[in-house]
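# Residue-level structure breakdown
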Amino acid sequence: MSANAGHGAPQGTPRGRTANWIERRLPVFSTMEHFSQYPTPKNLNYWWNFGSIAGFVLVAMIVTGIVLAMHYTPHVDHAFNSVERIMRDVNYGWLIRYLHANGGAMFFLVVYIHLFRGLYYGSYKAPREIIWWLGIIILLLMMATAFMGYVLPWGQMSFWAAKVITNLFSAIPWVGESITTWLWGGFTVDNPTLNRFFSLHYLLPFVIVGVVVLHIAALHTVKSGNPLGVEAKTPKDTIPFHPYYTVKDLFGLGVFMLVWAFFVFYAPNFMGHPDNYIPADSLATPAHIVPEWYFLPYYAILRAFTADFFMYWPISWLITAKFAGVIAMFGSLLILFLMPWLDTSEVRSSRFRPIYKIFFWVFVIDTIILGYVGANAPDEVAHIALLGLFDFSTGLTWLTIGEITTFWYFFHFIILVPVIGRMERPRPLPHSISEPVLGGGAVGGGAAAQSRPGPMEKA
Amino acid sequence: MAADDQAAHGTEGSDEHSRRDFLYIATGAFTAFGAAAVAWPLLDTLNPAADTLAASTVDVDLAPIKPGQRITVKYRGSPVFIDRRSKVQIEEARKVPLKDLQDPETDEARVHKGKDEWLVIVGVCTHLGCIPLGQTPGSKRGEFGGWFCPCHGSHYDTSGRIRKGPAPTNLPVPDYRFTSDTRIRLGEKPKEDTKAGS
Ligand code: HEM
Ligand code: FES
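Moving on to the overall build of chain B. Helix and strand counts for chain B stand at 4 helices and 9 strands. When the helices and strands of chain B are read in sequence order from the N terminus, they spell out α-α-α-β-β-β-α-β-β-β-β-β-β. With 198 residues in all, chain B has 37% of them scored as buried. Put simply, 53% of the contacts in chain B that link residues at least 6 apart link residues at least 24 apart. Working note: accessible area of chain B is about 10,800 Å², and carbon and sulfur atoms make up 59% of it.

Here you go:
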């Protein structure tokens, strides 16, 4: 099977006369063939499923969102009630809303796994830097979209999330106040704010679709990476996308939909906050305001910057702790853009990087702890407890833990990643994707033992 | 492009080449100017509209407020705290040396001349915009007896000044004016001589 058949020319594959007529005017068929024959490394594991799942969720969010928008009213006096009407009176409104609300969280879950996959397998390295950068842009757009969506039901959490997040911009010296007034369209979060958030919440998902198209165009230009991190060299290393990976992707999607359905049908408010079922009150802040779980690590980084945090000392003469926290919070995302330069190792896959692999997992744990910190009150002493089985006090406040883990977050990217890349001695790489499977020399024998052949290997 | 250049060189020489560059730059500059001229109105629509700006004064009757009582009124969508302070509270605020303050400001500068008991401040935490506690009897007032913001733990004193926590500045004093002995109008600047600090 020739991997590159079907590029452009109408005479590539025999088609009917009508198909040829269309093809000469709009290359629908050759494009479809491009996708079905896309030469894909034959050793992809399940971590490569999450891109297609993310694409599916994006479409599902747009479909459910458009239906919700037909019943939703973007006005401070009616928004909350219109969402309650969706829940109680609109036929299957509860289903559509729970799909959409939990779908937002599922979207982040999937995209975070997709992103960590990239960090583990070095997917940001040449020639895939642009794919990586576009991915981060998608994540930033998703965050803006989800934040504005969360404001729409106009409950207490909606309102105070909008207030606190827009107030971040007031930290910018000189222009901060004009920027927040401009974002609000008034003197505080109010009806003009809700209106524009609805408009943008409707718009941004379609911008995301556009960036996803570029993400995939870049991918299909340089072709997919794989768990071994050695590029596909001969047609023996690849198989056509269809039917092999269409089936594998559909299987993964099925499993994913079970998880999503579990939340929608059995725990629809598990990830939500009860205060959001109280209508927004601009005169009273709820006792504990916390963001949605997918924003918690950033929230922890934001709050770590107080006047006596040692990472703040060197810049304390220049900017306020509040502004430093805002910069660190955005910086924690923007630093991902630099990965192609920060990682100095020639080897892509962590399978062959014994030291980086350890610190990768330390980093994963660090971000999870940051999430816990973000969910808890800074001044309280941190307890580790499990269902009454044990309850162990760490003796440290959540703030202190947040400071340590915030430090580690940046230490990982700025120091560890470049230094490990220089010092580490990688394990021997196989010569090709096929080699560890089909044999052919002892080079990289260790690696061969590790990469189990997947179900596709029969091909 | 290459063909254009060649034509230019072939027929008219390098003089024509630089004239063409000038045209490119001039066209580009005019386009950028035009784009900016269109972008500004689009962006400016997001600023507060005329009606939002117009609904900008609120009259408050102070007569029913008893000494030691605090009330909240809504002004421009945000709470304004009005505190009829006791002698003790005023003294407490005034005996603090300025150097102990994160955002140094005297208590005198935050009230109107001869109206020391009336503290009028915007009740929005200067950290990230939560509403501090302390307005209702029995609610937390923080370590300095003023207000306490539960969101990230900012403590304000009896003059509404930041004393502890992440908030960078004092709770701001809005523009207001005494229209009579027992009435104020929020949103209007005071006559010069009644605002003690300025
Ligand atoms: C990137 C894709 C999207 C994400 C991540 C997202 C996220 C969210 C979130 C987190 C909420 C709050 C759910 C709740 O607590 O009630 C929400 C609400 C809403 N979204 Fe989206 N959304 C997306 C796409 C869309 C689209 C394309 C539309 C419309 C065309 C839309 C329309 C709405 C409406 C009307 C609401 C308010 C009703 C409600 O709260 O359920 N969304 N969105
Ligand atoms: S908003 Fe008040 S302390 Fe953060």
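Turning our eyes to something else, we now look at the side chain of A:Lys125. Residue and element names in this part refer to chain A. The topology assignment puts Lys125 in the loop between α5 (93-121) and α6 (129-151). In this structure the side chain of Lys125 is engaged in a polar contact, spanning 3.0 Å, whose partner is the side chain of Asp343. Among the polar contacts made by the side chain of Lys125, one reaches the main-chain carbonyl oxygen of Ser345 at a distance of 3.2 Å. Residues contacting Lys125, with those up to four places away along its chain left out, are Asp343, Ser345, Val347, Arg348 and Arg353.

Before going further, it helps to spend a moment on the interface of chain A and chain B. For interface size, the figure often reported is the accessible area lost on association. At the interface, 23 residues of chain A touch 24 residues of chain B. With both sides pooled, the region where chain A packs onto chain B buries about 2,100 Å², and carbon together with sulfur makes up 66% of that total. Three residues stand out in chain A for area buried against chain B, namely A:Trp182, A:Phe187 and A:Leu283, and they jointly supply 32% of the buried area on that side. In this assembly, chain A and chain B are joined by 0 salt bridges. Counting across the interface, chain A meets chain B through 9 residue pairs in polar contact (both at pLDDT 80 or more). Elements supplying a minimum of two residues to the side of chain A that touches chain B: α7 (156-167), α8 (176-184) and α11 (296-304) of chain A. Sorting elements by how many residues they give to the side of chain A that touches chain B places α7(A) first, with 4 residues.

Quick look at the sheet that holds strand β4 (residues 118-122) of chain B now. Residue and element names in this part refer to chain B. Strand order in the open sheet formed by 3 strands is β2-β3-β4, with antiparallel pairing between adjacent strands. The open sheet has two free edges, formed respectively by β2 (70-75) and β4, since each of these has just one partner strand. Each neighbouring strand pair of the sheet contributes to a mean axis angle of 20°, computed without reference to strand direction. Both β2 and strand β3 (residues 78-84) contribute to a ladder of 6 bridges, which runs antiparallel. Among the inter-strand pairings, Tyr75 is bridged to a residue of β3, identified as Ser78.

All names here are of chain A. Looking at the iron atom of ligand 1, the protein donor atoms are His100 (NE2) and His201 (NE2), and they sit 1.9 to 2.0 Å from it. Given 6 donor atoms and angles of 86 to 179° at the metal, the environment of the iron atom of ligand 1 is assigned as octahedral. Within this pair, whereas His100 is found in helix α5, its partner His201 is found in helix α9 (residues 191-222), the two being separated by 101 residues in sequence. Take His100 and His201: they sit in the same class, and that class is buried.

Okay, the sheet that holds strand β6 (residues 154-157) of chain B next. Residue and element names in this part refer to chain B. Pairing is antiparallel in the open sheet, where 3 strands are placed in the order β5-β6-β7. The open sheet has two edge strands with one neighbour each: β5 (145-149) and β7 (162-164). If you compare each strand with its neighbour and ignore which way they point, the axes differ by 35° on average. Pairing analysis gives 4 bridges linking β5 to β6, with the strands arranged antiparallel. Across the sheet, Cys149 pairs through a bridge with Ser154, a residue of β6.

This part takes up the pairing of strand β4 (residues 390-397) of chain A. All names here are of chain A. Summarising the sheet, strand β3 (residues 381-386) and β4 pair through 5 bridges and their orientation is antiparallel. Note on β4: the bridge partner recorded for Leu386 is Phe390. The hairpin formed by β3 and β4 contains 3 residues between the paired strands, and Leu387 there has a positive phi angle of roughly 40°.

Attention now goes to the confidence of the model for chain B. Here chain B averages 88 in pLDDT, and 88% of its residues register 70 or above. Taken over the whole predicted complex, pTM reads 0.88, whereas the ipTM for its chain interfaces reads 0.82.

Right, let's talk about the domain arrangement of chain A for a bit. Residues and elements named next belong to chain A. Each assigned domain of chain A is listed with its residue range as follows: domain 1 (43-270) and domain 2 (295-424). Distance from the C-alpha centre of domain 1 to the C-alpha centre of domain 2: 23 Å. Of all residues in domain 1, Tyr120, Lys125 and Leu168 bury the most surface against domain 2, accounting for 24% of the area lost on that side. Linking domain 1 with domain 2 are 2 salt bridges, by the criterion used here. Between Lys125 and Asp343 there is a salt bridge whose closest N-O contact spans 3.0 Å. At the junction of domain 1 and domain 2, the tally comes to 15 residue pairs in polar contact (both at pLDDT 80 or more). Those elements giving two or more residues to the side of domain 1 that touches domain 2 turn out to be α5 and α6. Within the side of domain 1 that touches domain 2, the residues separate by chemical class into 27 nonpolar, 5 polar and 4 charged.

What follows concerns the side chain of A:Ser332. By secondary structure assignment, the location of A:Ser332 is in helix α12 (residues 321-334). Exposure remark for A:Ser332: the relative accessible area of 0% places this residue in the buried category.

To continue, consider the confidence of the model for chain A. All names here are of chain A. Predicted confidence across chain A gives a mean pLDDT of 91, with 93% of residues reaching 70 or more. A low-confidence stretch, residues 1-10 stays under pLDDT 50, and its non-local contacts, those more than four residues away or across chains, total 15 contacts. Scored below 50 in pLDDT, residues 441-459 makes 27 contacts in the model with residues more than four places away or belonging to other chains.

Turning to a nonpolar patch on the surface, a few remarks are in order. All names here are of chain A. A cluster of nonpolar side chains, contributed by Ile384, Leu386, Leu387, Leu389, Phe390 and Phe392, occupies part of the molecular surface with about 680 Å² of accessible area. Elements with a contribution of two residues or more to the nonpolar patch: β3 and β4. Structurally, Leu386 is set in strand β3.

All right, on to the domain arrangement of chain B then. Looking at chain B, the domain boundaries give domain 1 (1-47) and domain 2 (53-186). For domain 1 of chain B and domain 2 of chain B, the distance between their C-alpha centres works out to 57 Å.

Quick look at the nonpolar core now. With 125 residues, the main nonpolar core has A:Phe108, A:Leu119 and A:Met339 as its most contacted residues. No other element matches the 14 residues that α6(A) contributes to this core. Residues in contact with A:Phe108, not counting those within four places in the same chain, are A:Leu139, A:Met142, A:Met143, A:Ala146, A:Trp293, A:Tyr294 and A:Phe295. By size, the runner-up hydrophobic cluster in this structure holds 13 residues, among which are B:Tyr75, B:Ile82, B:Tyr176 and B:Phe178.

Cut-off values and rules
Residues numbered from 1 in each chain as written. Chains lettered and ligands numbered in written order. Predicted model: local features only at pLDDT ≥ 70, side-chain atom pairs only at ≥ 80, totals over all residues. Heavy atoms only, no water. Helix = DSSP H or I, 4+ residues; strand = E, 2+ residues; numbered from the N terminus. Buried < 20%, exposed > 50% of the residue type's maximum accessible area, 1.4 Å probe, protein only. Contact = heavy atoms within 4.5 Å. Areas by Shrake-Rupley, 256 points an atom, 1.4 Å probe, with all protein chains shown as cover. Polar contact = N/O pair within 3.5 Å; in protein donor to acceptor, adjacent residues only side chain to side chain. Buried area = accessible area lost by both parts, 1.4 Å probe. Salt bridge = Lys/Arg side-chain N within 4 Å of Asp/Glu carboxyl O. Pairing = 2+ DSSP bridges. Axes fitted to C-alpha atoms, helices over the stretch in contact; angles between N-to-C directions. Donors = N, O, S within 2.8 Å, 3.2 Å for Na, K, Ca; no water. Tetrahedral: all angles 85-135°; square planar, octahedral: opposite > 155°, others 65-115°. pLDDT = per-residue confidence, 0-100. Domains from an automatic or database assignment. Nonpolar A, V, L, I, M, F, W, Y, C, P; charged D, E, K, R; others polar. Patch = residues over 30% accessible without salt bridge, like charges linked within 9 Å, V, L, I, M, F, W, Y side chains within 5 Å. Core = buried A, V, L, I, M, F, W, Y, C linked by side-chain atoms within 4.5 Å.

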